[in-house]
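Chain by chain, the residues:
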Amino acid sequence: TFLKVQDGCDYFCSFCTIPLARGRSRSGTIADTLQQARAIAATGVKEIVLTGVNTGDFGREHGETFLQLIGELDRVQGIERFRISSIEPNLCSDAVIDFVARSHRFMPHLHMPLQSGSDTILQRMRRRYDTALYADRVAHIRRVMPHAGIGVDVITGTPGETEDEFLKTHAFLRGIDVNYLHVFTYSERANTTAVRMDDAVPVEVRRDRTRQLRSLGAKLQRAHYQAHLGQARPVLFEHGEDPQAPDPSDHLFGYTDNYIRVAVPFHPSLANTVVPVALSHIDAD
């Protein structure tokens, strides 16, 4: 299940309407969040995914921190797994990364939005980091969790993204050790700074760049899967049917700790359990 620990955002990136739509960054207290987590645990849920608009900004108005929150959640009885859905690279500190590496309940899986691999475009976006900081975060994750799954958000076609700037993004993503991409095509939003910028990128060019990055993302993900062939990793199998499967009743689906999607022949006793699974081959899809 998903547990929303934070809402709103104070960052005002040039392409984004969230601060206008959701308001300023805010969250409950650690005590409130622990109470929600315990209530979830009582329902038999085995994995909680922590979500928010700017998740790492948790607790600021209460004098608390995201690192303190995950430290307390790690002690909640009944939950076998926690995941951090997404965290800004400037808030994904070495201390947060090191905690996840030490924890037995927080999964070795981090998702950090990048948006662009060009420092010029990151400045135009008003992002609060540069590519050097992002690369350092990825390198630190790899040092302490070599097997971790690392996901990336990227936006193509923001105003001012020339072909050269796009190629910087493509090269940057190839040069850091990440495992999958969520690629979004820039679209104009009223009341944002970006909509008033010059150098708009033609829509067809945006879409073509999205196709290129999605192709790269598929290759990165397959390489991640291939690197784990022959290994055994713990998988939490999910209830319900997967509509994408040819015959959903024949299989159970789940994810490894480091976010590899796994299918096994259906057996009702496996549902909602964490078991070690030998990763034997990669399906065509």
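Just above sits the structure.
Cut-offs applied
- Residues numbered from 1 in each chain as written.
- Predicted model: local features only at pLDDT ≥ 70, side-chain atom pairs only at ≥ 80, totals over all residues.
- Heavy atoms only, no water.
- Buried < 20%, exposed > 50% of the residue type's maximum accessible area, 1.4 Å probe, protein only.
- Helix = DSSP H or I, 4+ residues; strand = E, 2+ residues; numbered from the N terminus.
- Pairing = 2+ DSSP bridges.
- Right-handed = clockwise from strand over helix to strand, strands pointing away.
- Axes fitted to C-alpha atoms, helices over the stretch in contact; angles between N-to-C directions.
- Contact = heavy atoms within 4.5 Å.
- Phe/Tyr/Trp six-rings, centres within 6.5 Å; stacked < 30°, edge-to-face > 60°.
- Parallel < 35°, antiparallel > 145°, perpendicular 65-115°, else oblique.
- Left-handed = near helix turned anticlockwise from the far one by under 90°.
- Nonpolar A, V, L, I, M, F, W, Y, C, P; charged D, E, K, R; others polar.
- Expected span 1.5 Å × (residues − 1).
- Arc of directions from axis to C-beta.
- Core = buried A, V, L, I, M, F, W, Y, C linked by side-chain atoms within 4.5 Å.

Help me out: how do you make sense of the pairing of strand 3 (residues 81-84) in this one?
Each regular strand displays side chains that alternate between the two surfaces of the sheet. Of the two faces of strand 3, both are covered, the one formed by Arg81 and Arg83 as well as the one formed by Phe82 and Ile84. When strand 2 (residues 47-51) meets strand 3, the two strands line up parallel, connected through 4 bridges. Bridge assignment links Leu50 to a residue of strand 3, and that residue is Ile84. Regarding the hand of the β-α-β motif, the stretch spanning strand 2, helix 3 (residues 66-73) and strand 3 is right-handed.

What's the story with the sheet that holds strand 3 in this structure? I'm lost.
Hydrogen bonds along the backbone pair up the strands of a sheet, which may run parallel or antiparallel. Reading across the sheet, the 3 strands line up as 1-2-3 and stay open at both edges, with parallel pairing between neighbours. Only two strands of the sheet have a single partner each, and these edge strands are strand 1 (2-4) and strand 3. Each neighbouring strand pair of the sheet contributes to a mean axis angle of 25 degrees, computed without reference to strand direction. Across the sheet, helix 2 (residues 30-41) lies against strand 1 and strand 2, angled at about 165 degrees from strand 1, the strand it touches most.

Can you walk me through the packing of aromatic side chains in this structure?
We describe a pair of aromatic rings using the distance from one ring centre to the other and the angle between the two ring planes. Under the criterion given, the structure shown has 6 aromatic pairs. On the basis of an interplanar angle of 5 degrees and a centroid distance of 4.5 Å, the ring pair of Tyr255 and Tyr259 is categorised as stacked. Cluster of aromatic residues (ring-pair linked, three or more members): Phe82, Phe99 and Phe106.

Before we go on, may I ask you to explain the packing of helix 4 (residues 94-102) against helix 6 (residues 131-144) in this structure?
The description of two packed helices rests on the angle between their axes and on the distance between the axes. Here helix 4 crosses helix 6 at 25 degrees, and the two axes come no closer than 10 Å. As judged from the angle between their axes, helix 4 and helix 6 are roughly parallel. Helix 6 is crossed by helix 4, and the crossing has right-handed handedness. Taken together, the residues of helix 6 that come into contact with helix 4 (itself represented by Asp94, Ile97, Asp98 and Ala101) are Arg137, His140, Ile141 and Val144. Within the contact of helix 4 with helix 6, the residues separate by chemical class into 4 nonpolar, 1 polar and 3 charged.

Looking at this structure, I do not really get helix 2. What am I missing?
Count 3.6 residues to each turn of an α-helix, and residues three or four apart come out pointing the same way. Helix length check: helix 2 (12 residues) gives 16 Å between terminal C-alpha atoms against 16 Å at 1.5 Å per residue, within 8%. What helix 2 keeps buried is the set Ile30, Thr33, Leu34, Ala37, Ile40 and Ala41. An end-on view of helix 2 places all buried positions within 120 degrees of arc, on one side of the element. Opposite its buried face, helix 2 presents the exposed residues Ala31 and Gln35, each directed more than 90 degrees away. Where the residues of helix 2 are buried, they touch strand 1, strand 2 and helix 3.

Which parts of the structure should I look at to understand the nonpolar core?
Looking at soluble globular proteins, one finds that nonpolar side chains tend to be buried together. Core analysis: the largest hydrophobic core is formed by 52 residues, its most contacted members being Leu50, Phe66, Leu73, Phe106 and Tyr134. The element that contributes the greatest number of residues to this core is helix 2, accounting for 5 residues. With near-sequence residues (within four places) excluded, Leu73 lies in contact with Leu34, Ala37, Leu50, Phe82 and Phe106. Listed in part, the 10 residues of the second largest apolar core include Val235, Val262, Val264 and Ala271.

Any functional reading would require information that these geometric values do not contain.
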